[in-house]
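# Coordinate inspection notes
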Amino acid sequence: MALSDLQLQALARDAIQRAAAGDFAAAEPLLAQVAEARPNSGQAQHLLGQARLKLGRFAEAREPLERAAKFMPKEVGPQVNFAGCLSVLGEHEAALAALDRAQRLRPDDAAIHHNRGRAFEALGRLGQAERAYDAALAIDHRLLPSLSARANLLAKRGEWMGALADLDMALTSQPNDAPLRLRRGELLLRQGDWLRGLPDYEARLEIADQRYAPDLPRWQGEPLAGRLLIYPEQIDIESDAARRDTVLLARGVEATIQCSAQLAGELYGPTIRRGDPIDGFVTAAPLRSLPLLLNWTRDAPPAVPATAPSGSLIGWFSAAEPPAGLAIERDPARIASCRLVIGSDNWPTHLAARRGVPTVMLLPPDADWLLGSQPGKSPWYPALELMHEDDHAALAAQLAASG
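These remarks concern the structure in this document. This is a predicted model, so every value here is computed, not measured.

## Some remarks on the packing of aromatic side chains
- As enumerated under the stated definition, the model contains four aromatic pairs in all.
- Here the aromatic rings of W194 and W369 are separated by 5.5 Å at their centres, their planes lie at 80°, and the arrangement is edge-to-face. You can see W194 sitting in helix α12 (residues 194-201) and its partner W369 sitting in the loop between β7 (359-363) and β8 (376-377), a full 175 residues away along the chain.
- Accessibility expressed as a relative area gives 5% for W194, which makes it buried.
- Ring centres 5.0 Å apart and planes at 75° place the aromatic pair Y201 and W369 in the edge-to-face group. On the criterion of sequence distance, the pair formed by Y201 in helix α12 and W369 in the loop between β7 and β8 is long-range, its members being 168 residues apart. Here Y201 and W369 have matching classes, each one buried.
- The structure contains a cluster of three or more aromatic residues connected by ring pairs, namely W194, Y201 and W369.
- One residue, R227, lies across the ring of F281, its end atom 4.1 Å from the ring centre.
- The ring of Y381 is capped by R251, whose NZ or CZ atom sits 5.1 Å from the centre of that ring.

Right, here's the structure in full:
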C-alpha cells in the first residue's frame, strides 16, 4: 500500500530526529521507506546514503548516494559523500570524478582538495596528489590531514626537511598529538638525529595499539628504589620482532629481562618469562626506550660480551635465495657451528653477531633507525657488517673472502 505524502513526511521527520540523536540503526529503515517511495528525490536518497555510511554499510550506501549526486548536481554534499563511499569501496577513479564535480562547485574548499589528493595517492599518481595537498594547504595552511599526507610523500622521496617542516606545522596546532610526534621522531631518527628523535619516539607508548606493557609504573630514568623489569613491547614474546629487540637491546642496564625462554641463556643477567610473577618489581621499561633512558648515542651503544667463533659452516638467515652452489645452514641452533652468517634484520642474525660470529646483515631501504642505513662496520657488535640487500657484488666478495 502506497504511503501518503503526510505519512512520508512523518516518517522523514521521525528518521531525521533519530539520526540527529545518533540512532542511525533506527533511522535507516525509515529512510529506506521514504527513498523507496520517492526514488527520484535527491534529498531522500542522500539521507538514506548518509545513514548507511554512518552504519558502515558502504556497499548499500553506494546506490542511494549515486542517485543523490545525480539528482542534486549543484549540491556539494552529495558529491563529497558519494566520493567518500567510493573511496572506501576502492573505486578511486570514480571517487576522483565525483570530487572534481564538487571542486567545480566549491573551488576554495580545502577539504575537497585534500580528498582529491587522497584519491590521486590511492591511484599511485603521487605528483598530482602532492599538488592537491599543496592546493589544500594554500587555502588552509594548518590543515592537519594535508600536512600529514604531504609529509608522508616528501619523506618517501627523501625530502626530510620538507617532511619535518610539515609535521612541525601540524604540531603547532596539535602539540600533544601522539601519532604526529611519533612520525616526527621516526623521521629524525632515520636521519641519525637521536637527540631530537628519541623523545618524540616515546609517543608510540601513548597510542592505543596492540602493545604489551606489564602492570607496573613506567620507568622514566629516575634513580631506582627497587627492582627494574625490562621487556619487549610486542604482544607475542616469541615473535621474531620481540626476540630480535631482546638480542639487540638487552644491554647496558642492571635489570631483569623479560624474554623468550629460548634467549634466556644468551643474556648476561637475570631473566624471567612472560607470565611469571612480577610482584617484586617496582618499575618497568620497554627495550626500545633504553636508548633514551640510558642516553645511548647512535655510534656508541653499550658493548656486549662475545666469544671467538670456531665453526666452519655458512649460516643463511635471509628470505633471499643464497648464491647457487653454496652449502648453507638455516638452523639457528647451529649458529655456533658457523664461520660466517648472512641474514636479514632478524633474531638469528643478531644472535650470531652477539656471539661474535662474523656476520653480514642485509638491510632493506627502510631499515630500522637503530641500525642506520649506511653500509660498513656496525657499532652494535664488533662482528657485524651492514650491507645493502641489493649490493650483490659486495656480498659475493664477502663470501669469497670467507674462504
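## Section: unusual backbone geometry
- Phi is positive for N295, close to 60°, though the residue is something other than glycine.
- Following the sequence through the fold, N295 ends up in the loop between α14 (290-293) and β5 (313-317).
- Given a relative accessible area of 65%, N295 falls into the exposed group.

Here is what the cut-offs are and how they apply
- Numbers given for residues are sequential positions, taken from 1 along each chain in its written order.
- Totals for whole chains, interfaces and linings use every residue, but because this is a predicted model, local features are given only for residues with pLDDT of at least 70 and side-chain atom pairs only at 80 or more, for both listing and counting.
- For side-chain calculations, the full set of non-hydrogen atoms in the structure is used, while hydrogens and water are omitted.
- Working definition: a ring pair exists when centres of Phe, Tyr or Trp rings (six-membered ring for Trp) sit within 6.5 Å. Plane angles under 30 degrees give stacked, over 60 give edge-to-face, the rest tilted.
- Helix and strand labels come from DSSP, where a helix needs a run of H or I of at least four residues and a strand needs a run of E of at least two; each type is numbered from the N terminus.
- Burial here depends on accessible area, computed with a 1.4 Å probe over protein chains only, as a share of the maximum for the residue type. Under 20% is buried, over 50% is exposed, and the range in between is partly exposed.
- For a ring to carry a charge above it, either NZ of a lysine or CZ of an arginine must fall within 6 Å of the ring centroid while also lying within 35 degrees of the normal to the ring plane.

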